[in-house]
Amino acid sequence: MAQKESLVYEPEQLEAYDFRRAMEEASRCLLCEDAPCSQGCPAGTDPGSFIRSIRFKNVTGAAETIRENNILGASCALICPQERLCQAACSRCGIDKPIEIGKLQQYAMEHERLTNKTFLTKGDTFTDKRVACIGAGPASLACAAELAKAGVEVTIYDEHSEAGGMLRYLIPPYRLPDQVVNQDIAQLEKLGVKFELNHKVSKEELAKLRTEYDTVFVGAGMWGAKTLPIPGADLEGVVTAIDFLSEARTNRGEVKELGNVVIIGGGDVAMDCAATSKLLGATHIYDVFVETLEAAPAVQQEKEFVFQLGVPMISEFKPVEFNGNGKVQRVKFEHMTNGSTMEIAADTVILAVGQKLREDASTFKEEEGLYIGGDLLNGGDTVVRAVNEGKEAAAKIMESFRG
Ligand code: SF4
């Protein structure tokens, strides 16, 4: 077993703005009247407004805007693909470079943490209503926050021992430290949201919950991993990205020696696996995917980070066979267009080829009259989109309460 302290990050270890840098960056804002950046945020976090507050040295006001609009404001600051969302819409793109919105959001959320401010309070509109949320991932957390702000008594059920879903168990701590997830979850606890953890809700129990609560929201995530239907996929040492990242995170870096690692996939999850393997001391790491480097779906920043770690990325090759005697030893690949083949020695193969709903979660989708959001609704998308769906579901639930 190898213990890697490098997997246990604290917010202070993240690269962050200081006051001077935050003011400089906020001062680059053109204060556009239509705030295209705000329109570019799926969760409605309203960067146009919080950047303006920072620009006028009202960092507390900025933190309040973020928190009121996005219960996962601290986590989103670190993990949103801003280059595709709010920053892509920034008017400064056409002049020099967009405002670093994620960094400003991180700065404001860090201010909230350091000053121990609480901005949200439980309301009194629907104090006679009770809602159960299944799953403690982004969609459920956002739904629960909106309802609690209106006075609803909310209980979140989740099979894991801690709340946060993918934020807690899949995104590596070097990108999203536990303490930042805790900061977001703490806001829900202050709103009086209750958590029933280590509690998996079956279809039968769902029926019972539906009689006990006024309404049930389901925000189950995609915890099923896709595998590859090729020879040797069941050899020891061939693992899914979900299992690998969950184990690395849950055991805080105490995982078996990895040896030579071959990662299959070109998305953000594959990049997370590559960087985590590096931090865990793998001997050699290769990331192989079927797309060209440009077309690989991971965000540019993550690709660059993995490059900087010295992980070779091999594009346009598909795996055709895993070889080994009980345990994986080699992976055979074939080029996507010219048919040439190559083999790479491997002690660990990580399949980062996509996720799917588990069968038990899929059945929730067939239930009539349930409110759903997140992966269950959108088939797997960004955390901010899940936040938006949670907020929208809460609005519909409250509409139904009004009759
Ligand atoms: S929540 Fe994400 S997408 Fe929205 S403004 Fe903040 S960083 Fe941008």
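Refer to the structure presented above.
Residues numbered from 1 in each chain as written. Predicted model: local features only at pLDDT ≥ 70, side-chain atom pairs only at ≥ 80, totals over all residues. Heavy atoms only, no water.

Some words on the packing of aromatic side chains
Part 1 of the reasoning: Inspection of the entire model under this criterion finds 3 aromatic pairs.
Part 2 of the reasoning: With 6.4 Å between their ring centres and 90° between their planes, tyrosine 157 and tyrosine 213 make a pair best called edge-to-face. Taken together, the residues tyrosine 157 in strand E2 (residues 153-157) and tyrosine 213 in the loop between helix H11 (203-212) and strand E4 (215-218) connect sequence positions 56 residues apart. When sorted by exposure, tyrosine 157 lands in the same class as tyrosine 213, which is buried.
Part 3 of the reasoning: When the ring of tyrosine 174 is compared with that of phenylalanine 305, the centres are 5.4 Å apart and the planes differ by 40°; the resulting orientation is tilted. Remark: phenylalanine 305 occurs in helix H14 (residues 300-308) and tyrosine 174 occurs in the loop between helix H9 (166-169) and helix H10 (178-190); sequence separation between them is 131 residues.
Part 4 of the reasoning: Judged by its relative accessible area of 10%, tyrosine 174 is buried.
Part 5 of the reasoning: Of the residues examined, phenylalanine 305 reaches a relative accessible area of 29% and is grouped as partly exposed. (Phe/Tyr/Trp six-rings, centres within 6.5 Å; stacked < 30°, edge-to-face > 60°. Helix = DSSP H or I, 4+ residues; strand = E, 2+ residues; numbered from the N terminus. Buried < 20%, exposed > 50% of the residue type's maximum accessible area, 1.4 Å probe, protein only.)

Focus on the sheet that holds strand E10 (residues 317-324)
Note on sheets: strands pair through backbone hydrogen bonds, and any given pair is parallel or antiparallel.
Part 1 of the reasoning: A sheet is described by the order of its strands in space; here 3 strands give the open sequence E10-E11-E12, paired in antiparallel fashion. Each having just a single partner strand, E10 and strand E12 (341-345) make up the two edges of the open sheet. Strand after strand, the sheet turns through a mean of 25° between neighbouring axes, direction not considered.
Part 2 of the reasoning: In this structure, strand E11 (residues 328-335) lies alongside E12, joined through 5 bridges in antiparallel fashion. Its bridge partner lying in E12, glutamate 334 is registered against threonine 341. (Pairing = 2+ DSSP bridges. Axes fitted to C-alpha atoms, helices over the stretch in contact; angles between N-to-C directions.)

Some details on the side chain of glutamate 389
Part 1 of the reasoning: Checked against the element boundaries, glutamate 389 lands in helix H17 (residues 383-402).
Part 2 of the reasoning: You can call glutamate 389 buried: its relative accessible area is 8%.

Focus on the pairing of E10
Part 1 of the reasoning: Direction of pairing for E10 relative to E11: antiparallel, over a ladder of 7 bridges. Across the sheet, the residue bridging to lysine 318 is glutamate 334, located in E11.
Part 2 of the reasoning: The antiparallel pairing of E10 with E11 creates a hairpin that spans 3 residues between the two strands, and glycine 326 there sits at a positive phi of about 85°.

Topic: the sheet that holds strand E6 (residues 238-240)
Part 1 of the reasoning: Ordered in space as E6-E13-E7-E8-E9, the 5 strands form an open sheet in which the pairing is parallel. Looking along the sheet, the strands with just one partner apiece sit at the ends: E6 and strand E9 (313-314).
Part 2 of the reasoning: As judged from the 3 bridges shared by E6 and strand E13 (residues 348-351), these two strands associate in the parallel manner. Bridging from a neighbouring strand, valine 239 pairs with isoleucine 350 of E13.

Some thoughts on the side chain of threonine 382
Part 1 of the reasoning: Position of threonine 382 among the secondary structure elements: in the loop between helix H16 (375-378) and H17.
Part 2 of the reasoning: A polar contact is formed between the side chain of threonine 382 and the backbone nitrogen of arginine 385, at a distance of 3.2 Å. (Polar contact = N/O pair within 3.5 Å; in protein donor to acceptor, adjacent residues only side chain to side chain.)

Brief notes about the pattern of salt bridges
Part 1 of the reasoning: The full count for this structure, using the stated rule, is 22 salt bridges.
Part 2 of the reasoning: Among the ionic pairs, arginine 175 bridges to aspartate 272, the shortest N-O distance being 2.8 Å. One end of the pair, arginine 175, is in the loop between H9 and H10; the other, aspartate 272, is in helix H13 (residues 268-279), and 97 residues separate them in sequence.
Part 3 of the reasoning: The buried category is assigned to aspartate 272, whose relative accessible area is 3%.
Part 4 of the reasoning: Among the charged side chains, a salt-bridge network with shared partners connects Arg20, Arg21, Glu24, Glu25, Arg28, Arg92 and Asp96. (Salt bridge = Lys/Arg side-chain N within 4 Å of Asp/Glu carboxyl O.)

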